[in-house]
Amino acid sequence: MNSNNQNKIIFSILLASMVVLFLVNISLGSVSIPINEVVKGLFGKIMEKESWEIILFNFRFPKAITAILTGMGLALSGLLMQTLFRNPLAGPYVLGLSSGASLGVALIILGSTFLPISIASIFLSNYGLALASALGSFIVLSAVLLAAKQLRDTMAILIVGLMFSSFTSAIVSILSYFTTAEQLQKYTFWAMGSVSNLSWKEVSLLAFLVIFGTVLSILVIKPLNALLLGERYAKSIGINFKKTRFIIIIATSILAGSITALAGPIAFVGLAVPHITKMIFKTSNHSILVFGTLLLGGILMLICDSIAQLPGSDLTLPINAITSLFGAPIVIWLLVRKRKIQL
């Protein structure tokens, strides 16, 4: 069997797995809904119980879509960063976007004591926190892009991003020291990440931004393949490196920034999924990796969200804890089995 046919089979299996996991995800929860009833509801037929329809369309359906979009966006942005910096430990937040978003939210939640109650209540809403997170990410992004214009070395941009992360984390730590226990708890809950609090309008906005970031990524597939052999090689075959680097940074910022703003900082997915994809497809060709990473990212987040729901219980675990607990051992096992990391 040639590699093309093999890849088609793998893609078919992944797509079918995502559909099955999507149905399982929205059937599980504190109230269990039979999968056949879920399918009936999705096809517009009347479900056995009216309460099931409310739960399905108002809560679980948008949550499952958010999980897929979040997994796809973080996984793809992680792939972009690992290729740009040629560093297997690079992730979607390596440019400091997560730290910038965290600073924006921290200033609102932890600094709400210094604001009038009427103004604080507006900013502490879901939209207010999303806006603060987006503004924080945008400020850090602007600084990184400004540095990128001045710096020729791509690794220097990585260091700049890490320095911004350290700087913003220090400010958050200072704010945390002077805040109340209630405010600190609220900030901690936001930092744990969640895919369950988005309205249909927010899900639609997230879908638009993830699709836009994905389209930008698809446009640079050829340059991404060239970058695997280094900047000099990419330039020697006519790749406009500065333009490519700019598009990659913008695409990553749109993907990771929008997800952090709406779902919080979700760890591990962006770091691990690109490696898992390379091991499954056994290729470094980004025309395959981009789409494989999208599917695997969505699948991983659906699995983690299903586990986090604790089916049959009213409790929901933090999604961040599940992504790390579930995914880290798998990646360690895969890396030990393969004995090397492929870039």
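Above this text is the structure in question.
Residues numbered from 1 in each chain as written. Predicted model: local features only at pLDDT ≥ 70, side-chain atom pairs only at ≥ 80, totals over all residues. Heavy atoms only, no water.

Please clarify how the overall build of the protein should be interpreted in this entry.
The number of helices and strands found in the protein is 15 helices and zero strands. Principal-axis analysis of the C-alpha atoms places the extent of the protein at approximately 65 × 60 × 35 Å. Accessible surface, the protein as shown: approximately 16700 Å² in total, 69% of it carbon and sulfur. Side-chain charges of the protein comprise 23 positive and 10 negative groups, with the mean position of each set lying 22 Å from the other. (Helix = DSSP H or I, 4+ residues; strand = E, 2+ residues; numbered from the N terminus. Areas by Shrake-Rupley, 256 points an atom, 1.4 Å probe, with all protein chains shown as cover. Lys, Arg positive; Asp, Glu negative; His and termini not counted. Charge placed at Lys NZ, Arg CZ, Asp CG, Glu CD.)

Would you take a moment to explain the packing of aromatic side chains for this structure?
Pairs of aromatic rings are described using the distance from one ring centre to the other and the angle between the two planes. As enumerated under the stated definition, the model contains seven aromatic pairs in all. Look at Phe61 and Trp200: their rings are 5.5 Å apart centre to centre, the planes differ by 75 degrees, and that puts the pair in the edge-to-face class. Of the two residues, Phe61 sits in helix α3 (residues 50-85) while Trp200 sits in helix α9 (residues 200-219), which places them 139 residues apart along the sequence. Centroid distance Tyr177 to Phe178: 5.2 Å. Interplanar angle 85 degrees. Geometry classified as edge-to-face. As far as burial versus exposure is concerned, Tyr177 and Phe178 are alike and both exposed. An aromatic cluster is built from Phe22, Phe57, Phe61 and Trp200, whose rings are joined through pairwise contacts. (Phe/Tyr/Trp six-rings, centres within 6.5 Å; stacked < 30°, edge-to-face > 60°. Buried < 20%, exposed > 50% of the residue type's maximum accessible area, 1.4 Å probe, protein only.)

When you look at the nonpolar core in this model, what are you seeing that I'm missing?
One broad rule of soluble globular proteins: the nonpolar side chains tend to lie buried together. Counting 84 residues, the largest nonpolar core has Phe22, Met81, Phe85, Leu95, Ile248, Ile266 and Val269 as its most contacted members. It is α3 that contributes the most residues to this core, 17 residues altogether. Setting aside residues no more than four positions away along its own chain, Leu95 makes contact with Met81, Phe85, Val140, Val144, Ile157, Gly161 and Ile249. In this structure, Ala101, Val172, Tyr187 and Trp190 belong to the second largest nonpolar core, which totals 13 residues. (Core = buried A, V, L, I, M, F, W, Y, C linked by side-chain atoms within 4.5 Å. Contact = heavy atoms within 4.5 Å.)

Would you mind showing me how to read the layout of surface pockets here?
Of the volumes computed, that of the largest pocket is approximately 520 Å³. Looking at the largest pocket, it is lined by 25 residues, and the ones nearest its centre are Lys63, Ser194, Ser196, Gln309 and Thr316. Broken down by element, the residue count for the lining of the largest pocket peaks at four residues, all from α3. Within the lining of the largest pocket, the residues separate by chemical class into 12 nonpolar, nine polar and four charged. (1 Å grid on protein atoms, 1.4 Å probe; cavity = no way out; pocket = protein on both sides within 12 Å on 5 of 7 lines; lining within 4 Å. Points joined across faces, edges and corners; volume = space filled by probe spheres on them. Nonpolar A, V, L, I, M, F, W, Y, C, P; charged D, E, K, R; others polar.)

Looking at this model, I keep getting lost on the side chain of Ser137. Mind explaining?
Following the sequence through the fold, Ser137 ends up in helix α6 (residues 126-150). Discounting residues that sit within four places of it in the chain, Ser137 has contacts with Leu97, Gly100, Ala101 and Gly257.

When you look at a nonpolar patch on the surface in this model, what are you seeing that I'm missing?
Taken together, the side chains of Ile159, Leu162 and Met163 make up a nonpolar region of the molecular surface, amounting to roughly 290 Å² of accessible area. With a relative accessible area of 40%, Leu162 lands in the partly exposed category. (Patch = residues over 30% accessible without salt bridge, like charges linked within 9 Å, V, L, I, M, F, W, Y side chains within 5 Å. Salt bridge = Lys/Arg side-chain N within 4 Å of Asp/Glu carboxyl O.)

What exactly am I supposed to notice about the pattern of salt bridges here?
Oppositely charged side chains may form a pair once their charged atoms are brought near each other. Applying the stated rule across the entire model yields two salt bridges. Between Lys40 and Glu37 there is a salt bridge, with the nearest N and O atoms lying 3.4 Å from each other. With Lys40 and Glu37 both in helix α2 (residues 35-42) and three residues apart, this pair spans about one turn of that helix. Given the relative accessible area of 28%, Lys40 is considered partly exposed. Given a relative accessible area of 5%, Glu37 falls into the buried group. Residues Lys63 and Asp305 are paired through a salt bridge, measuring 2.7 Å at the closest nitrogen-oxygen approach.

I'm lost on unusual backbone geometry in this one. Help?
Both trends apply: most residues other than glycine have a negative phi, and most peptide bonds are in trans. One non-glycine residue, Arg86, lies in positive phi territory at about 50 degrees. Topologically, Arg86 is positioned in the loop between α3 and α4 (97-109). For Arg86, a relative accessible area of 45% gives the class partly exposed.

Can you walk me through helix α8 (residues 181-191) in this structure?
In an α-helix, one turn spans 3.6 residues, which is why side chains three or four residues apart end up on the same side. Three or more residues of α8 are buried, namely Gln183, Tyr187 and Trp190. End-on view of α8: buried residues confined to an arc of 55 degrees, all on one side of the axis. Away from its buried face, by an angle of more than 90 degrees, α8 presents the exposed residues Ala181, Glu182 and Phe189. Of the residues trailing α8, Gly193 is marked for its positive phi of about 80 degrees. (Arc of directions from axis to C-beta.)

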